[in-house]
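Take a look at the letters that make up each chain.
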Amino acid sequence: TVALQLRSPEQDLKEEMSLFLQGLQEEHMQQLVALHEQHRLELEQAVSEVQQDRHNDQLKLARERQEQELDQVDVIYEEESKHSGDSLPDLARLLTRVEEYKASHQRELDAAESEHRRDLQRLRELLPSS
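Here we look at the layout of surface pockets
Then, number 1: Each pocket or cavity is described by its volume, and for the largest pocket that value is around 190 Å³.
Then, number 2: Every residue along the wall of the largest pocket is listed here: Arg54, Gln58, Leu61, Ala62, Arg65, Gln106, Leu109, Asp110, Ala112, Glu113 and His116.
Then, number 3: Counting only elements with at least two residues in the lining of the largest pocket, the list comes to helix H1 (9–84) and helix H2 (91–126).
Then, number 4: Its residues placed into classes, the lining of the largest pocket shows four nonpolar, three polar and four charged.

Given below as structure tokens:
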């Protein structure tokens with residue numbers, strides 16, 4: 001004999017509520033995944049913008065550095081010309097001063113680049129793993 005199993009209205013209601021809650025949970029998870037992806041894309045865009053800004057800053061710094069070096073070489077040459085009187089400036093001394101200036105300026109640039117790299121690394125650490 002086949003036994004007929006009757007379900008109570010409470011069981012039907014529990015099943016309907018369970019299915020409804022599962023649907024809500026799935027929808028919520030989809031929204032969280034979409035928000036997570038949006039956040040990841042926004043962070044990637046921010047990193048990209050920082051990298052582009054850094055590149056532009058580097059180009060600007062390179063141009064400024066060339067101008068500063070030329071200006072400083074002029075200043076050093078004038079100082080050495082005054083020091084040597086009517087004769088030409090001591091070329092070795094002139095070159096040494098120019099090289100010292102370049103080395104000092106390079107240390108400043110290296111420090112700035114190191115700071116930029118640390119900032120970029122901090123931004124990368126904010127990016128969630130894909």
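Quick look at the pattern of salt bridges
Then, number 1: On inspection of all chains with the given rule, the structure shows nine salt bridges.
Then, number 2: Overlapping salt bridges bring together Glu79, Glu80, Arg93 and Arg97 as one network.

Side note on H1
Then, number 1: Compared with an ideal rise of 1.5 Å per residue, which puts 76 residues at 112 Å, H1 spans 109 Å between its outermost C-alpha atoms and is within 8% of the ideal.
Then, number 2: Within the sequence span of H1, burial applies to Arg40, Leu43, Val47, Arg54, Glu69, Ile76 and Glu80.
Then, number 3: Those residues of H1 hidden inside the fold are in contact with H2.

Overview of the environment of Glu100
Then, number 1: As for its position among the elements, Glu100 is in helix H2.
Then, number 2: Overall, the relative accessible area of 51% leaves Glu100 in the exposed class.
Then, number 3: Separated by 17 residues in sequence, Glu100 and His83 have C-alpha atoms that sit 18 Å apart.

Rules and cut-offs
- Residues numbered from 1 in each chain as written.
- Predicted model: local features only at pLDDT ≥ 70, side-chain atom pairs only at ≥ 80, totals over all residues.
- Heavy atoms only, no water.
- 1 Å grid on protein atoms, 1.4 Å probe; cavity = no way out; pocket = protein on both sides within 12 Å on 5 of 7 lines; lining within 4 Å.
- Points joined across faces, edges and corners; volume = space filled by probe spheres on them.
- Helix = DSSP H or I, 4+ residues; strand = E, 2+ residues; numbered from the N terminus.
- Nonpolar A, V, L, I, M, F, W, Y, C, P; charged D, E, K, R; others polar.
- Salt bridge = Lys/Arg side-chain N within 4 Å of Asp/Glu carboxyl O.
- Expected span 1.5 Å × (residues − 1).
- Buried < 20%, exposed > 50% of the residue type's maximum accessible area, 1.4 Å probe, protein only.
- Contact = heavy atoms within 4.5 Å.

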